[in-house]
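Below, each chain spelled out in residue letters.
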Amino acid sequence: MRPTPRTSSPRRYLMCPPAHFTVTYSINPWMDPTKPVDLPLALAQWEDLRDRYRALGHTVELLTPDPALPDMVFAANGATVVDGRVLGARFAHPERADEAAAHLSWFRGNGWPDDAVRAPEHVNEGEGDFAVTASWILAGHGFRSSPLSHGEAQEFFGRPVITLELVDPRYYHLDTALCVLDDVRDEVMYYPGAFSPGSRAVLERLFPDALTATEEDAAALGLNAVSDGLHVLLPQAAVGLFEPLRRRGFEPLGMDLSELLKGGGSVKCCTQELRP
């Protein structure tokens, strides 16, 4: 395969430092309250990700962490931003519910007009379950976000929304099972085993040339990655994805977020994209 010429485009991200990150409850299969978190290491790993974005020419905005909300580091879950419009989150679990208001407050205090910011009616967990390509918004359900949120997103953003059912509890959010590699060319990578048979058929039809991950790389949360169109930042343990990405013209950059993996998240979970 001859690599496709790739270019990166400047992105704007919203992140939240893991100043209060800990695992004191379990709302996904990755979380084990009996395993202590090394907080200084978690912060150092997060700072490495933030600094890598900035070194690549991207802008990183910061959300102030709340000591009562240890999962705020997973900023991708707080909202979805498309065409400068913000659909807030409504969390499935009470432990994270107050994060939604913190995100909406940030947007309203940082230049977004009121008519461009919406508090949702139905449960959705932001970019955890919404992935944006050039042609569609891919929307996951099965464990967190309600299928009703998919219609709400379509009406709000005016873009076609494709519903995808997740069936493996390890991949409780869409962003643990699928990554948008090129949001101009509609290129993705995903793990087929995370999806229902019908949803796999839809993905095969929409993305016949997609990169599909092995179970081993998916279990390393290798799909919880962020691409700027050229550079793909992904967990360094997903070693089987690096060469396939290079063959397609991407530059994979391995990141160590092992402490944050104790909460069930990695690169993408920590990164909300602010699309203009």
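Note that this is a predicted model, so its numbers are computed, not measured. (Residues numbered from 1 in each chain as written. Predicted model: local features only at pLDDT ≥ 70, side-chain atom pairs only at ≥ 80, totals over all residues. Heavy atoms only, no water.)

(A) Examining the packing of aromatic side chains more closely. Inspection of the entire model under this criterion finds 9 aromatic pairs. Centroid distance F21 to F74: 5.9 Å. Interplanar angle 85 degrees. Geometry classified as edge-to-face. Note that F21 is positioned in the loop between β1 (12-15) and α1 (39-55) and F74 in the loop between β2 (59-62) and β3 (79-82), a separation of 53 residues in sequence. Each member of the pair, F21 as well as F74, carries the same accessibility label: buried. Between the aromatic rings of F107 and W112, the centroid separation amounts to 4.9 Å while the plane-to-plane angle is 90 degrees, which identifies the pairing as edge-to-face. Accessibility expressed as a relative area gives 11% for W112, which makes it buried. Through a chain of ring-to-ring contacts, three or more aromatic side chains come together here, namely W106, F107 and W112. In this structure, R85 is placed above the aromatic ring of F156, and the distance from its NZ or CZ to the ring centre is 4.1 Å. (Phe/Tyr/Trp six-rings, centres within 6.5 Å; stacked < 30°, edge-to-face > 60°. Helix = DSSP H or I, 4+ residues; strand = E, 2+ residues; numbered from the N terminus. Buried < 20%, exposed > 50% of the residue type's maximum accessible area, 1.4 Å probe, protein only. Lys NZ or Arg CZ within 6 Å of the ring centre and 35° of its normal.)

(B) Structural detail: the pattern of salt bridges. Evaluated as defined, the whole model comprises 18 salt bridges. Among the ionic pairs, D183 bridges to R11, the shortest N-O distance being 3.0 Å. Residue D183 is found in the loop between β9 (178-182) and β10 (187-190), and its partner R11 is found in the segment before β1; the two are separated by 172 residues along the sequence. D168 is the salt-bridge partner of R170, the closest N and O atoms lying 2.8 Å from each other. Residue class for R170 comes out partly exposed when judged on its relative accessible area of 28%. Here the residues in one salt-bridge network are R11, E127, D183, K268, E273 and R275, joined through shared partners. (Salt bridge = Lys/Arg side-chain N within 4 Å of Asp/Glu carboxyl O.)

(C) The arrangement of the nonpolar core in detail. Among the nonpolar cores identified, the biggest contains 35 residues, and L138, L178, M189, F195 and L245 are the most heavily contacted of them. Those elements that provide at least two residues to this core are β8 (161-165), β9, β10, β13 (231-235) and α6 (242-247). Here this core gets 4 residues from one element, more than from any other, and that element is β9. Setting aside residues up to four positions removed in sequence, F195 forms contacts with L164, E165, L166, V167, L174, A177, L178, Y190, R200 and L203. (Core = buried A, V, L, I, M, F, W, Y, C linked by side-chain atoms within 4.5 Å. Contact = heavy atoms within 4.5 Å.)

(D) Local environment of the sheet that holds β2. Here 3 strands make up an open sheet; going across it, the order is β2-β1-β15 and the pairing mixed. At either end of the open sheet lies a strand with only one pairing partner, and these are β2 and β15 (272-273). Both β1 and β15 contribute to a ladder of 2 bridges, which runs antiparallel. Each bridged residue has a counterpart across the sheet, and for L14 the counterpart in β15 is Q272. Along the sheet, helix α2 (residues 99-108) makes contact with β1, β2 and β15, crossing β1 at roughly 140 degrees. (Pairing = 2+ DSSP bridges. Axes fitted to C-alpha atoms, helices over the stretch in contact; angles between N-to-C directions.)

(E) Looking closely at α2. What α2 keeps buried is the set E99, A100, H103, L104, W106 and F107. In an axial view of α2, the angular spread of the buried residues amounts to 155 degrees, which keeps them on one side of the axis. Opposite the buried face of α2, by more than 90 degrees, sit the exposed residues A101 and S105. For α2, the secondary structure elements touched by its buried residues are β1, β2, β3, β4 (85-88), β5 (117-118) and β15. (Arc of directions from axis to C-beta.)

(F) Focus on the environment of G222. Tracing the sequence through the fold places G222 in the loop between α5 (215-219) and β12 (226-227). Here the alpha-carbon distance between G222 and L234, two residues 12 residues apart in the chain, equals 5.9 Å. In this view, G222 contacts M189, D217, L234, P235, A238 and L241; residues no more than four positions away in its chain are not counted.

(G) Layout of the sheet that holds β12. If you trace the 3 strands from one edge of the open sheet to the other, you get β12-β13-β14, paired in mixed fashion. Each edge of the sheet is formed by a strand with only one pairing partner; in this case those strands are β12 and β14 (251-255). As paired elements, β13 and β14 share 5 bridges and run parallel to each other. Bridged to H231 within β14 is E251. Against the sheet, α1 makes contact with β12, β13 and β14, and its axis sits at roughly 155 degrees relative to β14, the strand it touches most.

(H) Highlighting the side chain of H58. Tracing the backbone shows H58 in the loop between α1 and β2. Here H58 falls in the buried class, since its relative accessible area comes to 5%. A distance of 2.8 Å separates polar atoms of two side chains, one belonging to H58 and the other to D228. (Polar contact = N/O pair within 3.5 Å; in protein donor to acceptor, adjacent residues only side chain to side chain.)

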